[in-house]
Amino acid sequence: MSSPMTSTASGVTRTAVEVRMEGLSRRYGSVVALDNLDLTVQPGELIALLGPSGCGKTTTLRLLAGLEDADRGRIDVAGRDITRLPASKRDMGMVFQAYSLFPHMTVKENVAFGLRLRKISPAKRDQRALEMLDLVELVAQAGRYPHQISGGQQQRVALARALAIEPQVLLLDEPLSALDAKVRAQLRDQIRRIQLEVGITTLFVTHDQEEALAIADRVGVMQAGRLEQLASPTEVYSRPATPFVAEFVGLSNRLAGTVIGSVVTVRGHDLPLVDTSIPAGAVTAIVRPEAVTMASDDSGEAGPMTGTVIASTFLGATSRVTVDLGDTTVMAQLPTSEAATLSAGSRVTLTIRPDPVLVSADSAVASEE
Amino acid sequence: MAALDQPLDIAADLAGPAAARRPGGLRASRRRRLNLFRWVVFAIFGLFFLVPLLSMVRFSLEGTTPGSWSFSAWTQIVSYPGPPPLLSAIEITLELAGITSVVMLLLVVPTMIWIKLRAQWFSRIMEFLCLLPLTIPAIVLVVGLAPIYNRIERYNTSALMLFFAYVILALPYAYRALAAGLNAVDATTLSEAARSLGARWITVMFRIIVPNMWQAILNALLLTVALVLGEFTVAYLLTFVNLQVNLFEISRSTTNAGVLFSASAATLLFAFILLLILSYAGRRLRRGRP
Amino acid sequence: MAAATAAEAGAPRVSAARRPPLAWVGTVPFLAYTGVFLLLPTGIVIWNAFKANTGSWTLANISALNTGPVRSAFKGSLELCVISSLIGAIFGAILAYAVASGSPDGMIRRLYLAGSGVLAQFGGVTLAFAFLAAIGPAGFLIHASWYSNFPLGIGLIYCYFQIPLMVLVFLPAIDGLRIQWREAAESLGGSTWHYWRYVGGPLLAPAFSGATLLLFANALSAFATIQAWEDQINYVVPQSIGASFISEVGLANAHQGDALALGMIVMVVIVMTGYVLLQRRAARWQR
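Keep in mind the model is a prediction, meaning the values are calculated, not measured. (Residues numbered from 1 in each chain as written. Chains lettered and ligands numbered in written order. Predicted model: local features only at pLDDT ≥ 70, side-chain atom pairs only at ≥ 80, totals over all residues. Heavy atoms only, no water.)

Trainee: Tell me what's going on with the pattern of salt bridges, and back it up with residues and numbers.
Mentor: All chains considered together, the criterion is met by 27 salt bridges over all chains. Between A:Asp76 and A:Arg74 there is a salt bridge, and its shortest N-O distance comes to 3.2 Å. Judged by relative accessible area, which is 35%, A:Arg74 ranks as partly exposed. A salt bridge links A:Asp126 to A:Lys108; its shortest N-O distance comes to 3.0 Å. In this pair, A:Asp126 is assigned in helix α3 (residues 122-135) and A:Lys108 in helix α2 (residues 107-117), connecting sequence segments 18 residues apart. Classification of A:Asp126 as partly exposed rests on a relative accessible area of 33%. Linked by salt bridges that have partners in common, A:Arg26, A:Arg62, A:Glu68, A:Asp71 and C:Glu183 make up one network. (Salt bridge = Lys/Arg side-chain N within 4 Å of Asp/Glu carboxyl O. Buried < 20%, exposed > 50% of the residue type's maximum accessible area, 1.4 Å probe, protein only. Helix = DSSP H or I, 4+ residues; strand = E, 2+ residues; numbered from the N terminus.)

Here it is as structure tokens:
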């Protein structure tokens, strides 16, 4: 197994490690939080665990950190079984969602805390702490207290503190969820940049799919304690393995259709199937808004794909237009310049681009968001 | 990884591999240790707090020969001659509790609401004044009250006049309870809404705000009653006779008079029942609302 | 004043000419009442402390505080307060931790809160009787020879209300210890000991010290219990004050009691100031 060697900012070479979780299960009373999870994080990789609350992503992280015990299963780090090791001996750096900085210590003291526990001399502690603060660009705040700096800055300090002890694995538990949107985007990129620079194996938990898609090497979509799909961001987005993934990642339209052979007929369009083994019959097809194009309709004819624009949501470069087709509503995502000409009330005709679509048998129309 | 010593996590070391092999692992065993600690603590403290109470009750049920059982101490509560008779001291104390509560509520609640709605700058002052009795305790206050009560006694020598002082003594506890309740009510928004619908200030106060503070008011009531039932210092030094003073006098003349213990137990029981009633009433009031 | 501006901003729009005078009115009853029955007596005490029998100003009352029986009363107060507040603080903290580490909605916490409301006022005279019944000369449990010992016997009795007070005051501080701090310390390699030594302990220290001071002030002010326990000897300052009241024999200084009361005020103010300062320091870290 390849172990990438990378340098940290201070020029020390480190060897990234593999994290392997096998058969992890955890239940709280009658609630199954994790159901036989298998997950391997490659050395130096950043995996984002994505899913709604209660899906088990945070439980996975906490089991890995040692903050919870697994009922069953095994965790190996760098080939060594750490399942029964207490959290304080696991050599992992963890960044919590919020409020984890020690309020009575300055920023620098916070970052140096792990080093202090390891009996590193004050001089070396200071030096390393300042290095880490430099990495997150907060050297100027070294003497401040947590309540004197902003939420985004606090999370950066938390990151510096976690990395200061040179852990083998970096764990992030929804670190951006408590922050403003703008800070979130900036910090997200910064975290990814630092993670790549340090080359550390990382597990990142979030419920925000945009975050997950933006920074991960691979995304693990979870639901009800199970891993629905583990693949690269592009794959998860464009080739979702299950209806849940298709629903959760990106927006989707659910349209009735019929499977005939290897295509599904949706409102007059024949679309290729992702999974050609689906038996013929009535299904619900999942169509991405960006696969829907729209043109103004002056013909006055009614058809399965003609309707009226109900609403148009301006998202910047693109806009999301909602169209009422009479028996259902469809969302389309268009460049704003196009959408601008199609105001509410105008009659339009829709076309679906022939990308492979995911379908689910009609009885399995379940997931609510 | 650098060496980490955990010198004082002895129990975890002792538990060692055995704990690790147990289903649930180290965190569960830590939780178990914590629970053991908790139950030991509760047992010990429970005993410490219960034994004097139980002893008191046992004494109150003792007859003339040690070890016997008798209700005589309890019947004596109503029949103890005094002077003055215990029963009259009980009556006076209960009346005092009532008067003090009413006066205190009438004085404090409207003022607090008024301040919240129309004179917020005063709230600091009110808080200071309400908490001042904690710093000027009863034993000190009574020294300064003596000349004032000399004046009052020219008009009325009844022990019921004690309510003037008792309201002050109850202020810190009542204020805290009422403030918590008032803060939970978004008074400004509610009053603005009511006023925009045409309500007068009085209406706002008594029909809008106060009903939302019932829990806190009952709380303050209970604290005040409990305080009056147990008050000794001011009454004793101003030479009034209330329940506690009466019991004190009895104890000076007959050290182990059974009625001391039965009366004490009765007072405690009364306070407890009051607590139950008020908390039950509080819950029903809450449920009654849509 | 900022509060005034805020009040003006928040108050509904009444004609400006009528608003300011009306706002005063609501505070008058309360001010008048506390003025007469709280501030006036305090003023009287302070005023009279410096007055001699003849009505002229004097410091004799104050200097008399340094004489034999009064000095021993101050010493006794100090002993009793230190013992009961330290023991009450330590055991109260242990009990508070036991309560806090349980589930927030659990039965234990609710039971405790309900019980403390009642027990808080079970003090005074009846408390002395209860202990008399338990460990007094005819004690039901045992006859503890140290029951009538000062300060140990009465100190134990004081703990009966000091411990619940400690739990009441200190529990919020323990609740304020965020679980993330514990977990962060662990994930950084700290054991339980490390957590308490570097994080939990330092964070709780101001609240603990403050609560201890509050207990001290509480013990200082107590009168009924110790009077019922032993009224023939003036062990503590409140009893000296009480004695100066009841005494039929004319005291050398008619206002000795006032001077004693003033002495108590000074002591309590010092202690309470310390408490407030420490509370503020502790609050700084609870966002």
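Trainee: Please give an account of the pairing of strand β15 (residues 269-272) of chain A that cites residues and values.
Mentor: Residues and elements named next belong to chain A. Alternating positions in β15 separate cleanly, His 269 and Leu 271 being buried on one face and Asp 270 and Pro 272 remaining unburied on the opposite face. Bridge count for strand β14 (residues 263-266) against β15 is 4 bridges, and the pairing is antiparallel. Bridge pairing links Val 264 to Leu 271 in β15. Where β14 folds back onto β15 in an antiparallel hairpin, the turn is made up of 2 residues, including Arg 267, whose phi is positive at roughly 50°. (Pairing = 2+ DSSP bridges.)

Trainee: Tell me about the packing of helix α5 (residues 68-100) of chain C against helix α10 (residues 192-221) of chain C, residues and numbers included.
Mentor: Residue and element names in this part refer to chain C. One can describe the packing of α5 onto α10 by two numbers: an axis separation of 9 Å at closest approach and a directional angle of 135°. As judged from the angle between their axes, α5 and α10 are oblique. Here α5 and α10 pass one another in a crossing that is right-handed. Contacts between α5 and α10 involve Ser 77, Leu 78, Cys 81, Val 82, Ser 84, Ser 85, Leu 86, Gly 88, Ala 89, Ile 90, Ala 93 and Tyr 97 from the former and Trp 196, Phe 208, Thr 212, Leu 215, Phe 216, Ala 219 and Leu 220 from the latter. By residue class, the composition of the contact of α5 with α10 is 14 nonpolar, 5 polar and no charged. (Axes fitted to C-alpha atoms, helices over the stretch in contact; angles between N-to-C directions. Parallel < 35°, antiparallel > 145°, perpendicular 65-115°, else oblique. Left-handed = near helix turned anticlockwise from the far one by under 90°. Contact = heavy atoms within 4.5 Å. Nonpolar A, V, L, I, M, F, W, Y, C, P; charged D, E, K, R; others polar.)

Trainee: Explain the sheet that holds strand β9 (residues 169-173) of chain A to me, and be specific about the residues and the numbers.
Mentor: Residue and element names in this part refer to chain A. On the basis of which strands lie adjacent, the open sheet formed by 6 strands has the order β8-β9-β10-β5-β11-β12 and mixed pairing. Each edge of the sheet is formed by a strand with only one pairing partner; in this case those strands are β8 (92-95) and β12 (226-231). On average, each strand axis in the sheet is inclined to that of its neighbour by 15°, with strand direction left out of account. Summarising the sheet, β8 and β9 pair through 4 bridges and their orientation is parallel. Paired with Met 92 across the strands is Val 169, a residue of β9. Running at roughly 170° to β8, helix α4 (residues 151-164) makes contact with β8 and β9 of the sheet.

Trainee: For the packing of helix α8 (residues 152-175) of chain C against α10(C), give the residues involved together with the corresponding values.
Mentor: Residue and element names in this part refer to chain C. Where α8 contacts α10, the axes come no closer than 10 Å and their chain directions differ by 150°. The orientation of α8 relative to α10 falls into the category roughly antiparallel. Here α8 and α10 pass one another in a crossing that is right-handed. Contact with α8, carried on its side by Tyr 158, Phe 161, Gln 162, Leu 165, Met 166, Val 169, Phe 170, Ala 173 and Ile 174, involves Leu 204, Ala 207, Phe 208, Ala 211, Leu 214, Leu 215, Asn 218 and Ala 219 of α10 and no other residues of that element. Residues that form the contact of α8 with α10 fall into these classes: 15 nonpolar, 2 polar and no charged.

Trainee: Now, about the sheet that holds strand β4 (residues 31-41) of chain A: what can you tell me, with residues and values included?
Mentor: The strands making up a sheet are joined through hydrogen bonds of the backbone, oriented either antiparallel or parallel. All names here are of chain A. Pairing within the open sheet is antiparallel, and its 4 strands lie in the order β4-β3-β6-β7. Whereas interior strands pair on both sides, the edge strands pair on one side only; in this sheet they are β4 and β7 (80-81). In terms of strand pairing, strand β3 (residues 19-28) meets strand β6 (residues 72-77) through 5 bridges, oriented antiparallel. Each bridged residue has a counterpart across the sheet, and for Met 21 the counterpart in β6 is Ile 75. Against the sheet, helix α1 (residues 57-65) contacts β3, β4 and β6, and its axis sits at roughly 115° relative to β3.

Trainee: For the interface of chain C and chain B, give the residues involved together with the corresponding values.
Mentor: Between chain C and chain B, the contact holds 85 residues from the first and 83 residues from the second. In terms of surface lost to chain B, no three residues of chain C exceed C:Phe30, C:Tyr33 and C:Phe37, which account for 10% of the buried area on that side. Summed over the shared surface of chain C and chain B, the number is 3 salt bridges. Of the charged contacts in the structure, one is a salt bridge between B:Arg252 and C:Asp231, with a shortest N-O distance of 2.7 Å. (Buried area = accessible area lost by both parts, 1.4 Å probe.)

Trainee: Any chance you could break down the pairing of β3(A) for me, citing the residues and the numbers?
Mentor: Residues and elements named next belong to chain A. As paired elements, β3 and β4 share 7 bridges and run antiparallel to each other. Bridging from a neighbouring strand, Arg 27 pairs with Val 32 of β4. Counted along the chain from β3 to the antiparallel partner β4, the turn is 2 residues long, and its residue Gly 29 has a positive phi close to 65°.

Trainee: Can you break down a nonpolar patch on the surface residue by residue, with the values?
Mentor: Among the surface-exposed residues, B:Phe37, C:Ile87, C:Ile90, C:Phe91 and C:Ile94 lie close enough to one another that they form a single nonpolar patch of about 400 Å² accessible area. Among the elements that take part in the nonpolar patch, α5(C) stands out by supplying 4 residues, more than any other. With respect to the element layout, C:Ile94 can be found in helix α5. We classify C:Ile94 as partly exposed; its relative accessible area is 32%. (Patch = residues over 30% accessible without salt bridge, like charges linked within 9 Å, V, L, I, M, F, W, Y side chains within 5 Å. Areas by Shrake-Rupley, 256 points an atom, 1.4 Å probe, with all protein chains shown as cover.)

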